[in-house]
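# Residue-level structural notes
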Amino acid sequence: MTNPVASTDTKPVALTGNKPIVLIAEELSPATIDALGPDFEIRRCDGANREELLAALVDVDAVLIRSATNIDQEALAVAKKLKVVARAGVGLDNVDVKAATVAGVMVVNAPTSNITSAAELAIGLLLATARNIAPANQALKAGKWKRSQYGGVELLDKTVGVVGLGRIGALTAERLAAFGVKLLAYDPYLTQARAGQLGVRLVPLDELLRESDFITIHLPKTPETLGLIGEEALKLVKPSVRIINAARGGIIDEQALADALREGRVAGAGIDVWTKEPCTDSPLFEFESVVVTPHLGASTEEAQEKAGVAVAKSVRLALAGELVPDAVNVSGGVIAEEVRPGIALVEKLGRIYTALAGSVPAQLDIDVRGEITQHDVSVWKLAALKGLFQGVVEQTVSYVNAPLLAQERGCEVRLLTDPNSPDFRNVTTLRGTLADGTVISVAGTLTGPRMIEKVVGVNQFDLEVPISEHMVFYTYADRPGVVGSLGRVLGEAGINIGGMQVARDAAGGHALVVLTVDSQIPPEVLGELSQEIDATTVRVVDLDG
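Quick summary incoming for the structure in this document. (Residues numbered from 1 in each chain as written. Predicted model: local features only at pLDDT ≥ 70, side-chain atom pairs only at ≥ 80, totals over all residues. Heavy atoms only, no water.)

## Quick look at the pattern of salt bridges
Oppositely charged side chains may form a pair once their charged atoms are brought near each other. Going by this rule: Think of a salt bridge as a Lys or Arg side-chain nitrogen and an Asp or Glu carboxyl oxygen that are within 4 Å of each other. Numbering goes from the N terminus for both helices and strands, where a helix is a DSSP run of H or I of at least four residues and a strand is a run of E of at least two. Exposure is judged per residue with a 1.4 Å probe applied to protein chains only, and the accessible area is read against the type maximum: over 50% gives exposed, under 20% gives buried, and values in between give partly exposed.
Across all of its chains, the model carries 26 salt bridges by this definition. Measuring nitrogen to oxygen at the nearest pair gives 2.9 Å for the salt bridge that ties K238 to D213. Placement of the pair is K238 in the loop between helix 10 (231–234) and strand 10 (242–245) and D213 in the loop between helix 9 (205–211) and strand 9 (214–217), with a sequence separation of 25 residues. A relative accessible area of 26% means that K238 is categorised as partly exposed. Between R488 and E492 there is a salt bridge, with its nearest N and O atoms 3.7 Å apart. Of this pair, R488 and E492 both sit in helix 16 (residues 482–492), four residues apart, which is roughly one turn of the helix. The partly exposed category is assigned to R488, whose relative accessible area is 37%. Each member of the salt-bridge network shares a partner with another, and the members are D367, R369, D418 and R431.

What follows is the structure in structure tokens.
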């Protein structure tokens, strides 16, 4: 059982027989191949050649792409073994993420690989527009000395409005602060506390537009942000404003910006991204006060290498069955170090739950109690569902498609947290209600410095049993001699008992015995054990598959 720890460290891939196949569909840095390591069979193709791509995808486990390769529903349909699509960059316009999710294919990118490069380009465009560097350069190379024509403005004491204070926006703001500017920001998802840390003042968008001498855009492209800086927004700005967009094309309405420049309502702009790319013709090209670049935000040697290495490491994690922090179609967010060891435990509890219940519940609660709840444990919800459906469905169950499987089967899922845990420092209980109203529960915890995984509760029974690859749960009417009978039958069958614990609700009442054994118990031996102790239920858990 692999431990799904979210990490960007290179980890060995557990190989069974042939090496997993990784397809490199576009040119990537040598460091990317080095980061993959020797555990894979590397193949290459021209991802822009559709026929070649589809033929190459048939038996691969992972594909690494950049922007020229289109991984859509057709491509996913032929890639029957595909487990992960890795985009060496940030944008995912060329990947059908929804179709990949349905297919259980993890999609990863490198969201932090270009943040420094993008922030630096935004600063470069801002400085270039402030000092008319581009037209002055062009004029001088043409033999014209136009020193007086291309005077500019200083940044000192100017007001800069940062639209979007995500990772790139925050880096841009930090760098702008060194110029002695006043920083405003618009970001509806940012807290005042975080804005204070960055030294910016949060304001509504219309206030930012009215007060800023420079505006720099750092928003994702969404239905809400498309055309955000359009005709109405540009009626609010100062005529001396200079606007920078090194984020995503379409956030600024290019025609509206051209009209504002032509009418003197905007002084200049620096544009790296375009509504339609490649863009070789735009109304913005006619203005000397507009600096334009062909989407160079991530086009540095460092960003390209970081992107390739990051997705290579993600591929290693994905093919090892581990949770990947940069997977765009797996929720969970940043995973605290304290939370990571519990992921494997909760996944195993999900598998034990299904074995005990014999079916998928209509309602499942993942009840987490103790000190661990001071951290975000939402990833345990994914782990529980992955375990729950392991062995229940024919298809491969992953952190990607487990929530979809639950939705398809009408399984409502809740994550409950409580800092109080009277019996253990931390304990997680999976409690599910079956279609007939029966409630089944299994609880587990990690104990000691070695973080031993234990089952500490099954339904109404309290116990403490280390989780093993092979476990059997029997319920029966409490009476003397049962433990001896179990030992005798298993001994005669040559099956070694690793551990055994009996729990009961009262003397002579209902009892539960949990056996951990070194190998699978054959069906005929299970039947003999049931008859020997007159068991009311028998549930077998095998975690080695």
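Past the structure itself, the notes keep going.
## Here we look at the pairing of strand 9
Threshold: For two strands to count as paired, DSSP must find a minimum of two bridges between them.
The alternating pattern of strand 9 places F214 and T216 and I215 and I217 on opposite faces, both of which are buried. As defined by bridge partners, strand 6 (residues 159–163) adjoins strand 9 across four bridges and the pair is classed as parallel. Within strand 9, the position partnered with V160 by the bridge is F214. Relative to strand 10, strand 9 runs parallel, the two being bridged by four bridges. Note that in strand 10 the partner of F214 across the bridge is R242.

## So, the sheet that holds strand 20 (residues 497–504)
The following threshold applies: Orientation is described by lines fitted to C-alpha atoms, with helices fitted over the stretch in contact, and by angles between N-to-C directions that extend from 0 to 180 degrees. Contacts were defined at the residue level, with two residues in contact if any of their heavy atoms lie within 4.5 Å.
Pairing is antiparallel in the open sheet, where four strands are placed in the order 20-21-19-22. Pairing within the sheet leaves two strands with one partner each, and these edge strands are strand 20 and strand 22 (537–542). Neighbour to neighbour, the strand axes of the sheet diverge by 15° on average, direction disregarded. Relative to strand 21 (residues 510–517), strand 19 (residues 470–477) runs antiparallel, the two sharing eight bridges. Across the sheet, residue T475 finds its bridge partner in strand 21, namely L512. Helix 13 (residues 341–357) contacts strand 19 and strand 22 of the sheet and is inclined by roughly 150° relative to strand 22. Contacts between helix 16 and the sheet are confined to strand 19, strand 20 and strand 21, with strand 20 contributing the most and set at about 155° to the helix.

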